[in-house]
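Commentary on secondary and tertiary structure
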Amino acid sequence: MKYNISIFGLLLCAVTMTAQTSVEKVMPTKASGDGIIYSLPKTSFIINAEITKVTVKAGPYYRYAERYLGVKDVATEDVVYYELGKVTLVNKGVPDPENTYKIEFKQKTVAPFAYLTRDGLLCAINDEYVPESADEEKKVEQTTTAMSPASVYTEDLLMAGSVAKQAEVAAKQIYHLRESRTDILTGDADNLPPDGEAMKIVISKLEEQEKALVKLFTGTESKETTYYDVSIVPEDELDREVLFRFSTKLGILDEDDLGGEPVYINLTAIERAPELDPKEAEKKAKMMKGIVYNVPGKARVEVIRNNKTLLKKETLVVQFGSRETLAPVILEDKKQPVKVVFYPETGSIRQITK
């Protein structure tokens with residue numbers, strides 16, 4: 001089994017990223033003996049984990065939150081911790097070096113061609129190839145506060161002296177803002193906004209200032225979300241294989257880093273091709289003449305942490321299937337060649353037409 005972990009994250013803004021299969025049209029050449037070399041894929045899984053870093057900062061007046069605001073649940077110290085969010089799985093085909101083949105086109109066949117991925121996986125023969133869909137979009141985000149608490153330090157607040165006195169002044173400002181908002185909403189203010197739109201703006205500013213002052217007592221919380229990919233190429237079934245480790249203090253870790261709790265992956269075959277004895281396997285290998293393709297098996301995948309299932313799905317797995325062939329005669333029609341489209345992720349046939 002092969003593991004590969006990649007980490008990506010962009011801060012301060014939300015970014016959307018997509019990836020799509022890159023394919024190339026290939027024509028047979030004399031150098032290749034009027035044929036095209038391609039590889040069949042083997043199944044790899046890309047497990048994507050959403051990780052959120054939460055940064056909590058205590059407000060300077062947290063000791064006075066209950067006395068002046070009646071609030072008990074406040075941050076009393078600076079804390080950084082991580083949360084493990086949604087886990088997804090993408091089935092991706094990777095070239096199998098042990099299963100590379102050649103499509104031989106008969107001379108004078110009408111314009112034979114094939115589409116291959118840049119890795120050499122077969123996509124189509126004698127037909128255009130259009131990927132079914134792009135990979136799942138991923139967003140990387142960081143939430144920020146609209147107004148920093150430091151921006152509401154008025155002259156009275158700064159001149160108050162002790163922290164206790166500053167907290168008292170800040171609380172008075174909060175209640176003054178609330179009274180001003182109420183007066184505007186009830187029409188009791190001396191200078192009312194000229195219209196409804198102006199009233200919305202004024203109310204919004206008052207609420208923003210109030211929230212910023214309240215944060216001086218309750219503290220602030222910001223969240224930064226990143227995504228981590230772990231790639232696996234399974235050779236057979238997996239039973240509680242450590243996929244990666246996770247720590248609320250450190251985030252995601254490698255599978256051999258004991259600083260975090262293990263996140264396991266289970267892979268169970270539910271449809272598997274029958275195993276051939278040596279003689280049958282040798283006989284079949286000799287008959288593999290033509291266009292070789294995969295007939296994948298099916299498996300159930302589970303990702304588990306602390307006996308809690310984070311992901312459970314069924315998916316196709318080439319390693320649990322078999323290889324079959326299309327007779328080369330289907331490519332020899334000089335007037336109307338057969339068109340074949342494949343799933344490059346699995347090497348199986350999607351469509352055959354004329």
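Residues numbered from 1 in each chain as written. Predicted model: local features only at pLDDT ≥ 70, side-chain atom pairs only at ≥ 80, totals over all residues. Heavy atoms only, no water.

Moving on to the overall build of the chain. A tally of helices and strands in the chain yields 5 helices and 16 strands. Counting the 354 residues in the chain, one finds 39% classified as buried. Taking all contacts inside the chain whose residues are at least 6 apart in sequence as the whole, residues at least 24 apart take part in 76%. Of the roughly 20,500 Å² that the chain leaves accessible, carbon and sulfur atoms contribute 48%. (Helix = DSSP H or I, 4+ residues; strand = E, 2+ residues; numbered from the N terminus. Buried < 20%, exposed > 50% of the residue type's maximum accessible area, 1.4 Å probe, protein only. Contact = heavy atoms within 4.5 Å. Areas by Shrake-Rupley, 256 points an atom, 1.4 Å probe, with all protein chains shown as cover.)

Looking at the secondary structure, you find Ser-247 in strand β10 (residues 238-247). Residue Ser-247 is classed as buried on the basis of its relative accessible area, which comes to 9%. There is a polar contact of 3.1 Å between the side chain of Ser-247 and the backbone nitrogen of Lys-249. What Ser-247 contacts, discounting residues up to four positions off in sequence, is Tyr-82, Leu-253, Gly-259 and Gly-260. (Polar contact = N/O pair within 3.5 Å; in protein donor to acceptor, adjacent residues only side chain to side chain.)

The next thing to look at is the packing of aromatic side chains. Counted by the stated rule, this structure contains 4 aromatic pairs. The ring centre of Tyr-264 lies 4.0 Å from the NZ or CZ of Arg-240, which sits over that ring. (Phe/Tyr/Trp six-rings, centres within 6.5 Å; stacked < 30°, edge-to-face > 60°. Lys NZ or Arg CZ within 6 Å of the ring centre and 35° of its normal.)

One can find Arg-178 in helix α3 (residues 163-186). Sequence separation between Arg-178 and Glu-207 is 29 residues, and the spatial gap between their C-alpha atoms is 8.1 Å. Here Arg-178 is in contact with Glu-210 and Val-214, once residues within four sequence places are set aside.

Now for helix α4 (residues 196-218). Relative to the 33 Å expected for 23 residues at 1.5 Å per residue, α4 spans 32 Å between its end C-alpha atoms, a close match to the ideal helical length. Buried within α4 are the following residues: Ile-203, Leu-206, Glu-210, Ala-212, Leu-213, Val-214, Leu-216 and Phe-217. Measuring from the side-chain oxygen of the N-cap residue of α4 to the backbone nitrogen of Glu-197 gives 3.2 Å; that N-cap residue is Asp-195. After α4 finishes, the residue Gly-219 shows a positive phi value of roughly 95°. (Expected span 1.5 Å × (residues − 1).)

Here we come to the pairing of β10. Among the 10 residues of β10, 7 are classified as buried, and the element is accordingly described as predominantly covered. For β10 and strand β12 (residues 261-271), the ladder comprises 6 bridges, and the chain directions are antiparallel. Bridge assignment links Val-242 to a residue of β12, and that residue is Tyr-264. Inspection of the sheet shows β10 paired to strand β11 (residues 251-253) by 3 bridges, in the antiparallel sense. Following the sheet pairing, Phe-246 is matched in β11 by Ile-252. (Pairing = 2+ DSSP bridges.)

This part covers the confidence of the model for the chain. Taken over all residues, the pLDDT of the chain has a mean of 82, while the share at 70 or more is 79%. Within the chain, the element-level pLDDT minimum falls on strand β2 (residues 15-17), averaging 32, and the maximum on β12, averaging 96. Throughout residues 7-21 the model reports pLDDT below 50, and contacts reaching past four residues in sequence, or to other chains, amount to 37 contacts. (pLDDT = per-residue confidence, 0-100.)

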